[in-house]
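Each chain is listed here by its residues.
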Amino acid sequence: MSANRFFFNPFEFLRKFGRNKVQIFIFLHIQAMKTEVLTKLFMQQLIDDTQVLYDLMFSKTSEKSSKTGQRKAETIEVNVALDNFKKGARKVYKRAADKLGEDSKIFIELFSGGLTYFDRIKMENAYLIISTLKDGVEKYVTELGIDMQTLMDGCYADFDNARILQSGLASSIRGNKPLYDKFLDQMILQLDVNRLTIALDNNSNPAENYFYFDESVLYVPSHHKGKDEKVPLVVGVDPDSQMDSGASFGLGQKVSIYNPSDDDAYYFAARTADEVMPVSCLFIKKGETVILTAEQLGCPENKYLIIGNRSIKNLLVVKILIEQV
């Protein structure tokens, strides 16, 4: 952290770490500078320059593993769209039965298989079934009403958009390693610029500058595996993910969660480590800490604490301490 070491870039070591670790390190570096920017105005330019590269590295590229949570989230969107279509089909069914009668030519044409046909819809035949009913309602819009056509058009659009987004994830993560490596090269140079600028500002006591470059986050596990280690653990939740981290806990334990991030940290107790985050759950605001006992979290039925964020742009980092009461 001394400005005397001009010809050595200490951030070359970042190349041996995976993207998740690098992202947490850089994220906390930016956050550390933000806490001092009001008294050290020169840091604002460093923050801006580092943030631009950070966004290029992690908003545009990511590893396959970081897409797991997003795939789950998009699968939910598809399933929700299918459920909404089933509800829409029931409305069309009722309109056709009430207005035209179940023995009418139109009703028989649209619902020859009854509602069971729609309840058994699967991903493989979803497009065919949804588009067939949509086209049928459009064909008989005069008899069924413009509101039914609007309903079916919306159901088709919602499913189509969700499916395209879901299926597009796989291709969007291919071939991005060269881009990541390119921006990592630039980030390593930027971090050294930050180091030298900060060190020149406080060269009388270089040890104080380590605050801005906390390497410890690189050497702790990203996920708590349930070991009885009474130390804070950093859990990173990647961008584009609704749920990426689970901490296991047991009876008689106390869980403390601190949120230093800019975004709210959402959490809920779960039976398994791969449950998808519900729409409504508890959250921790920036700078706040919650302390929960395992019993409050529903242990022993619930054994996992799922933590995530709603943002697709910002990395969420929380510090977790699990200890015996």
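What counts as what
- Residues numbered from 1 in each chain as written.
- Predicted model: local features only at pLDDT ≥ 70, side-chain atom pairs only at ≥ 80, totals over all residues.
- Heavy atoms only, no water.
- Helix = DSSP H or I, 4+ residues; strand = E, 2+ residues; numbered from the N terminus.
- Buried < 20%, exposed > 50% of the residue type's maximum accessible area, 1.4 Å probe, protein only.
- Polar contact = N/O pair within 3.5 Å; in protein donor to acceptor, adjacent residues only side chain to side chain.
- Contact = heavy atoms within 4.5 Å.
- Core = buried A, V, L, I, M, F, W, Y, C linked by side-chain atoms within 4.5 Å.

Draft legend 1. View of the side chain of N194. Along the chain, N194 falls in helix 9 (residues 177–201). Residue N194 is classed as buried on the basis of its relative accessible area, which comes to 0%. A polar atom in the side chain of N194 sits 2.9 Å from the side chain of T50. Not counting chain neighbours up to four residues away, the residues in contact with N194 comprise H29, M33, L46, T50 and F213.

Draft legend 2. Molecular detail of the nonpolar core. Residues F11, V22, F25, I26 and M57 are the most contacted members of the largest nonpolar core, which totals 33 residues. Those elements that place two or more of their residues in this core are helix 1 (19–36), helix 2 (43–58) and helix 9. Once residues lying within four places of it in the same chain are set aside, the contact partners of V22 are L14, F17, M57, F58, Y180, L184 and L218. Counting residues in hydrophobic clusters, the runner-up holds 28 residues, among them V78, I106, L110 and I129.

Draft legend 3. Structural detail: the environment of L46. Here L46 lies in helix 2. Note on L46: relative accessible area 6%, which makes it buried. Each C-alpha atom of the pair L46 and I198 lies 9.5 Å from the other, and the pair is 152 residues apart in sequence. Non-local contacts of L46, meaning those with residues more than four positions away in its chain, are made with M33, Q190, V193, N194, T197 and I198.

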